[in-house]
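Observations on chain architecture
Chain by chain, the residues:
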Amino acid sequence: QKEVEQDPGPLSVPEGAIVSLNCTYSNSAFQYFMWYRQYSRKGPELLMYTYSSGNKEDGRFTAQVDKSSKYISLFIRDSQPSDSATYLCAMSPSGNTPLVFGKGTRLSVIA
Amino acid sequence: GAVVSQHPSWVICKSGTSVKIECRSLDFQATTMFWYRQFPKQSLMLMATSNEGSKATYEQGVEKDKFLINHASLTLSTLTVTSAHPEDSSFYICSARIGTGRNTGELFFGEGSRLTVL
C-alpha cells in the first residue's frame, strides 16, 4: 500500500458544481496536510494548509482532515473553469521533513 | 503566500553540458529547500533535501555526482545537472519551507525549470 493514495481522475464537472477531492494515507504520524493546485507547465501553488485534524475554509475552498480515518478532503464550491488543474494532496509528520505527495487529481470544470 | 523564485524557467542544452538552476526564497529564510523532478502527467518525485551550510540528502536512486546541490545561504539553493543527457530532460521544481512561527511547515514551490537536453 502506498503511503498516500489519490484518485488520478480525470474528473469533469459543470461550472458551478461542488467538487470533492480526496486522499487517504497509511502513516498515522502525518500531522501536516496541504493541498496544491498545479496548472500545466507550472509549479504547484499552495491552496490550503492544515495542521492536525479539523476543517479550514478559505473563500470557495474547504479542507477537512479526519485523522481517525486517515482521510483528507478538499471541497471547491461554485467551481469555475479557471479551477481546471491538477490538485495534489501532500502531507508530512513534522514541519521540517519532506512532504509525501499524492499522484494528483486532474479536474476539468466545463463552462 | 511566500514567494520562491526559480531561474531559468526553461533551458535547452546540448548533451554533455552542465546546467545550473537557481532557487531563491524571496521573502523568508529557508534553512531547508527541496528539489523535485516531474515527468509529464506524473506527480512530483523528491530528488534531494538541501540544507543550508551542509551536504544535501539525496533520495534513493538519485545520483549525487550528477545532480549537484549547493545551499550556500538561507535564501539560495542551486541544482547543477552535470553532463546532461536526453534522459535528464524533465521539469525540475524547487521548494522552500517556512521553518518558524505560526506557518511552520508550509511548503512553497518555485515556478519550475523545464530542461530539454538535445
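Presented here is a report on the structure given in the accompanying data block. (Residues numbered from 1 in each chain as written. Chains lettered and ligands numbered in written order. Predicted model: local features only at pLDDT ≥ 70, side-chain atom pairs only at ≥ 80, totals over all residues. Heavy atoms only, no water.)

**With respect to the interface of chain A and chain B**
For interface size, the figure often reported is the accessible area lost on association. Test applied: We call two residues in contact when some of their heavy atoms are within 4.5 Å. The buried area of a pairing is the accessible area, by a 1.4 Å probe, that goes missing from both parts when the two are put together, added over both. Throughout this description, the term salt bridge denotes a Lys or Arg side-chain nitrogen within 4 Å of a carboxyl oxygen of Asp or Glu. Polar contacts here mean pairs of N or O atoms no more than 3.5 Å apart (in protein, one a potential hydrogen donor and the other a potential acceptor; neighbouring residues in sequence count only if both atoms are side-chain atoms). A run of H or I in DSSP counts as a helix once it spans at least four residues, and a run of E counts as a strand once it spans at least two, with each numbered from the N terminus.
Of the residues lining the interface, 21 residues belong to chain A; the matching set on chain B comes to 20 residues. For the pair chain A and chain B, the two sides together bury roughly 1,600 Å², of which 56% comes from carbon and sulfur. If you look at where chain A meets chain B, you find one salt bridge. Put simply, glutamate 111 of chain B and lysine 42 of chain A hold a salt bridge, and the shortest N to O gap is 3.8 Å. Across the contact surface, chain A and chain B share six residue pairs in polar contact (both at pLDDT 80 or more). For the side of chain A that touches chain B, the elements supplying multiple residues, two or more each, are strand 4 (32-38), strand 5 (45-51) and strand 9 (85-92) of chain A.

**Some points on the side chain of serine 43 of chain B**
Using the following cut-off: When a residue's accessible area, from a 1.4 Å probe over protein chains only, is under 20% of the maximum for its type it is buried; when over 50% it is exposed; and in between it is partly exposed.
Turning to its location among the elements, serine 43 of chain B is positioned in the loop between strand 4 (32-38) and strand 5 (45-51). Under the relative-accessibility criterion, serine 43 of chain B is labelled buried at 16%. From its side chain, serine 43 of chain B meets the backbone oxygen of glycine 102 of chain A in a polar contact 2.7 Å long. Once you skip the residues sitting within four places of it in the chain, serine 43 of chain B turns out to touch Leu88, Phe101, Gly102 and Lys103 of chain A together with Arg37 and Gln38 of chain B.

Taken by themselves, the reported measurements are silent on function.
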